[in-house]
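# Structural overview for review
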Amino acid sequence: MAERIPMISVRDLYKSFGEHQVLTGVDLDVEEGTTCVILGGSGSGKTVLMKHIIGLLKPDRGQVFVEGEDVVPLDDLELERVRRKFGMVFQGAALFDSMTVYENVSFPLREHSKLAESEIRKRVLDKLAIVGLHDVAEKYPAELSGGMRKRVGLARAIVRDPKIVLYDEPTTGLDPITTDYVDEMILTAKEKLGVTSLVISHDVASSFKVADQIAFLSDGKIVAHAPPAQLRASTHPVVKLFLSTWFGKN
Amino acid sequence: MTDEGQRPPGRAAALTAAVAWVGERAIAGVEAFLGVVSLGGSVARWMVRPPFRLENLFAQFDFVGVGSVLIVALTGLFTGMVFATQSWSAFERFGAESLVGPTVAITITRELAPVLSALMITMRAGSATCTELGTMRVTEQVDALETMAVSPVQYLLVPRVLAGLLMGPLLAMLFDTAGIFGGFAVAVLIKGLSVGTFLLRTQDIVGPDDVTEGLVKSAVFGLVVMLIACYRGYYASGGAKGVGQATTNAMVTSAVSVFILDYLLGLLFH
Ligand SMILES: Nc1ncnc2c1ncn2[C@@H]1O[C@H](COP(=O)(O)OP(=O)(O)OP(=O)(O)O)[C@@H](O)[C@H]1O
Ligand SMILES: [Mg+2]
């Protein structure tokens, strides 16, 4: 194979909501088995971009390829097939509030596999332990703190060991130790399972730790896309400003 | 209309506003109608596709059907009693008290049972369904389902709509029973009509067609009110306020639809 197909490939993506232009020509490639972090200001369209990749939103124009297949024209049924490759962590966790933590995390397994209950139990408790949660399995989301809910969302996203995991701000609102845990988890998933990850983050420090590539979204475009070390040398004014807020403090 | 801007807001402006308001309403109405129909189509498509989640279905049967038993029975009982009391005082004038039984039975089976039990389903199950789905939508739980490669239409809407379709007629039958019993209680136990007269006259005049009409209507109503609740909730937006609005909308649309459909289906039967 002379040229590898990227796991995710976004081409010239446009999206507006009414008059409001959010994405204006996004291009982004994520190679298989790598971690790409998307940085960008609040409201810059990071979540909107991620929702296009998993087909929750349809673009006004442009293409999204997942393993070489354009997912934009797919209908619901075909999208289901593509979505089985994914796990997604929502910015607001998006747990099913009528279900317990255990039911939430086991949900993808029940829907898409015929595992025995004992095996399901093992996997669920395993993933909950990875995100540092114990003794919450029988609680309902409403009984948890925001950070705990986020971690349940993480466990649910990775419980089927998907090929691609989309993390929308996985560590926002978590304490530093848990943040470290989650960073380690993303790294381990990449090293042990070859998972491809796309991570939206505001946390420059953890981005530099987990990322193979960092893409910077500004004004509806990816204005910089480079490995972390090179990004620090970027001359783009918004990127410089963004990074200086963190590196400046150290 | 050219010098609209210069004139003080007067009758013409008020008229324009009124016409615009009616126009907007009409367009919104047509949009909603098409939306409900197309959602109904996709519910039908997902209904016949595996997996069949019986557990979800029975949970909805329980919620929509079993949960409405008491309220429907009570409504039916008192409707029958009120109706018997009123028709007694009317029929008494020309000595036709024996017709109270069949009058109550026909009106209840054909009209009151389907309409009133559909309104009870709307109030109880429809409102809860709309709020629940709306909340799931605005908190991204619906999106989460989709990303897990589970169709929210199949997982959430199919069981709810089916519950409306199947529980509608069952609840109407319960209403029939309670209502006719209410009529019996008033005519026989209170007013002193003989048991034989009440039963014989009722059996003579009320036929299976009356019951069929009622059951067909109540199946359609059950389907429609749950579909409307699902439609409004599923497409809710704008946070808690939006969910509240969706529910209000669903209640109003459902109730009006029931009355309109009752008339249209009535034409079909007679
Ligand atoms: N469904 C929608 N309807 C209308 N506008 C939307 C919708 N979703 C997002 N937007 C708009 O798109 C813009 C980008 O939103 P997005 O959620 O992608 O921001 P973000 O980069 O994820 O920000 P944050 O870091 O705060 O999460 C925002 O201005 C938002 O108002
Ligand atoms: Mg976001």
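Here, every reference points to the structure presented above.
A brief report on the enclosed structure follows. Please read all numbers here as calculations on a predicted model, not as lab measurements. Residue positions are given per chain, counted from 1 along the sequence in the order it is written. As a convention, the first chain written is A and the first ligand written is 1, with the rest following in written order. This being a predicted model, a pLDDT of at least 70 is required before a residue's local features are given, and a value of 80 or more before pairs of side-chain atoms are given or counted; all residues contribute to the totals for chains, interfaces and linings. Note: side-chain values were computed over all heavy atoms of the structure, leaving out hydrogens and water.

Secondary structure elements follow DSSP: runs of H or I of four or more residues count as helices, runs of E of two or more count as strands, with numbering from the N terminus. Counting its regular elements, chain B contains nine helices and zero strands. Counting helices and strands in the order they occur from the N terminus, chain B gives α-α-α-α-α-α-α-α-α. Burial here depends on accessible area, computed with a 1.4 Å probe over protein chains only, as a share of the maximum for the residue type. Under 20% is buried, over 50% is exposed, and the range in between is partly exposed. Within chain B, buried positions represent 47% of all 270 residues. Throughout, a contact is declared for two residues whenever any of their heavy atoms are within 4.5 Å. Contacts spanning at least 24 positions in sequence make up 85% of the contacts within chain B whose residues lie at least 6 apart. Accessible areas in this description were obtained via Shrake-Rupley with a 1.4 Å probe; residue shielding takes into account the shown protein chains only. When the accessible surface of chain B is totalled, it reaches about 13,200 Å², and 70% of it is carbon and sulfur.

The next subject is the packing of helix H3 (residues 101-112) of chain A against helix H5 (residues 146-158) of chain A. All names here are of chain A. Structural elements are reduced to axes, namely lines fitted to C-alpha atoms, with helices fitted over the stretch in contact, and the angle between N-to-C directions of any two is expressed from 0 to 180 degrees. Where H3 contacts H5, the axes come no closer than 7 Å and their chain directions differ by 25°. One finds that H3 runs roughly parallel with respect to H5. Both H3 and H5 take part in a crossing whose hand is right-handed. Of the residues in H5, those in contact with Val101, Asn104, Val105 and Pro108 of H3 are Val152, Ala155 and Arg156. Angles are sorted into four bins: roughly parallel if under 35 degrees, roughly antiparallel if over 145, roughly perpendicular if 65 to 115, and oblique for all others. Each crossing is labelled by how the near helix is turned from the far one, with a counterclockwise turn of less than a right angle marking it left-handed and a clockwise turn marking it right-handed.

Before going further, it helps to examine the site of ligand 1. All names here are of chain A. Around ligand 1, the structure places 14 residues, and the nearest of them are Ser42, Gly43, Lys46, Thr47 and Gln91. Under the rule applied, a polar contact is a pair of N or O atoms within 3.5 Å (in protein, one hydrogen donor and one hydrogen acceptor; residues adjacent in sequence only if both atoms are side-chain atoms). Gly45 is positioned such that a nitrogen or oxygen atom in its backbone is 2.9 Å from an oxygen atom of ligand 1. Bound to the protein, ligand 1 loses 63% of the 630 Å² it would expose on its own. Among the secondary structure elements, those contributing two or more residues to the shell around ligand 1 are strand S2 (20-30) and helix H1 (46-53). Of all the elements, H1 adds the most residues to the shell around ligand 1, at three residues. Each residue is assigned to one of three groups, with Ala, Val, Leu, Ile, Met, Phe, Trp, Tyr, Cys and Pro labelled nonpolar, Asp, Glu, Lys and Arg labelled charged, and all others, Gly among them, labelled polar. Residue composition of the shell around ligand 1, grouped by class: three nonpolar, nine polar and two charged. We define proximity as follows: a residue is near a molecule or strand when any one of its heavy atoms falls within 4 Å of that partner.

Angles at a metal have ideal values that depend on geometry: 109.5 degrees with four tetrahedral donors, 90 or 180 degrees with six octahedral donors. All names here are of chain A. Donor atoms from the polypeptide that bind the magnesium ion (ligand 2) are Thr47 (OG1) and Gln91 (OE1), placed at 1.9 to 2.2 Å. One end of the pair, Thr47, is in helix H1; the other, Gln91, is in the loop between strand S6 (86-89) and H3, with 44 residues separating them in the sequence. The class for Gln91 is partly exposed, based on a relative accessible area of 36%. Excluding water, the donors of a metal are its N, O and S neighbours within 2.8 Å, or within 3.2 Å for Na, K and Ca, and that exclusion means sites may look incomplete.

Take the interface of chain A and chain B next. Many authors give the size of an interface as the accessible area that is lost as the parts come together. Tallying the contact residues gives 22 residues for chain A and 17 residues for chain B. Here chain A and chain B share an interface that buries about 1,700 Å² over both sides, 59% of which is from carbon and sulfur atoms. By buried area we mean how much accessible surface two parts lose on assembly, using a 1.4 Å probe and totalling the loss over both. Among the residues of chain A in contact with chain B, Glu80, Arg83 and Phe96 of chain A are the three that bury the most area, contributing 26% of the side total. Applying the counting criterion to the chain A and chain B interface returns seven residue pairs in polar contact (both at pLDDT 80 or more). Among the elements of the structure, helix H2 (76-83), S6 and H3 of chain A are those that each provide at least two residues to the side of chain A that touches chain B.

Residue and element names in this part refer to chain A. Within the secondary structure, Lys15 sits in strand S1 (residues 8-17). Counting rule applied: Lys, Arg positive; Asp, Glu negative; His and chain ends not counted. By salt bridge we mean one thing: a side-chain nitrogen of Lys or Arg within 4 Å of a carboxyl oxygen of Asp or Glu. Although Lys15 is buried, it forms no salt bridge, and the closest oppositely charged side chain is Asp60 at an N-O distance of 4.1 Å. If near-sequence neighbours (up to four positions away) are discounted, Lys15 is found in contact with His20, Gln21, Val22, Leu23, Val48, His52, Lys58, Pro59 and Asp60.

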